[in-house]
Amino acid sequence: MREWVAWKTRCLVPVPDSLSDADVAMLAAAGGIIWLWFKDRRVLTLLVLPIAFALVAAMLNRFPFSGRLILFTVPLAILLIAAGVQALVNALKPSQWLV
């Protein structure tokens, strides 16, 4: 199933073979952050602030930023990736909404 999703994604968006799936996800999340910066900074703050607080607490040795304790970042990352995909769709076809 994973290979099929990766193949379909690569068919829709041409990606060089040197990029892995994680690289594509990071690019989409970065695009989502930039898109949300211009679109709605409140939503961006709600998505990024919990991760930033956890990172600051980890630097202060107050919160372990590893293992199961950082699973709360997964839905936030998925939403940032979805925002990046939505930004790409808006750039190609401005009238359609995916998210």
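Everything numeric here is computed off the predicted structure, so don't read it as measured data.

Rules behind the numbers
- Residues numbered from 1 in each chain as written.
- Predicted model: local features only at pLDDT ≥ 70, side-chain atom pairs only at ≥ 80, totals over all residues.
- Heavy atoms only, no water.
- Phe/Tyr/Trp six-rings, centres within 6.5 Å; stacked < 30°, edge-to-face > 60°.
- Lys NZ or Arg CZ within 6 Å of the ring centre and 35° of its normal.
- Helix = DSSP H or I, 4+ residues; strand = E, 2+ residues; numbered from the N terminus.
- Expected span 1.5 Å × (residues − 1).
- Bend = angle between axes of the 7 residues up to and from the residue.
- Buried < 20%, exposed > 50% of the residue type's maximum accessible area, 1.4 Å probe, protein only.
- Contact = heavy atoms within 4.5 Å.
- Axes fitted to C-alpha atoms, helices over the stretch in contact; angles between N-to-C directions.
- Parallel < 35°, antiparallel > 145°, perpendicular 65-115°, else oblique.
- Nonpolar A, V, L, I, M, F, W, Y, C, P; charged D, E, K, R; others polar.

A. Highlighting the packing of aromatic side chains. Within the structure shown, the criterion is met by zero aromatic pairs. Against the face of Trp37 rests Arg41, its NZ or CZ located 3.9 Å from the ring centre.

B. Region of the structure containing helix H3 (residues 41–59). Compared with an ideal rise of 1.5 Å per residue, which puts 19 residues at 27 Å, H3 spans 25 Å between its outermost C-alpha atoms and is within 8% of the ideal. At Val48, H3 is deflected by roughly 35°, the largest bend along its length, and proline Pro50 occurs up to four residues later in sequence. Among the residues of H3, Leu44, Leu47, Ala54 and Ala57 are the ones counted as buried. Here the buried face of H3 lies against helix H2 (21–39) and helix H4 (73–92).

C. View of the packing of H2 against H3. Between H2 and H3, the least distance of the axes is 6 Å, while the angle of their chain directions is 140°. Comparing the axis directions of H2 and H3 gives the class oblique. Contacts between H2 and H3 pair Ile33, Leu36, Trp37 and Lys39 from the former with Arg41, Val43, Leu44 and Leu47 from the latter. In terms of residue class, the contact of H2 with H3 is made up of six nonpolar, no polar and two charged.

D. Spotlight on unusual backbone geometry. Positive phi is not limited to glycine here, since Asn61 has a value of about 60°. Mapped onto the secondary structure, Asn61 falls in the loop between H3 and H4. The exposed category is assigned to Asn61, whose relative accessible area is 72%.

E. Layout of the environment of Ile33. Within the element layout of this structure, Ile33 appears in helix H2. Distance in space between the C-alpha atoms of Ile33 and Leu79 is 10.0 Å, their sequence separation being 46 residues. What Ile33 contacts, discounting residues up to four positions off in sequence, is Leu44 and Leu80.

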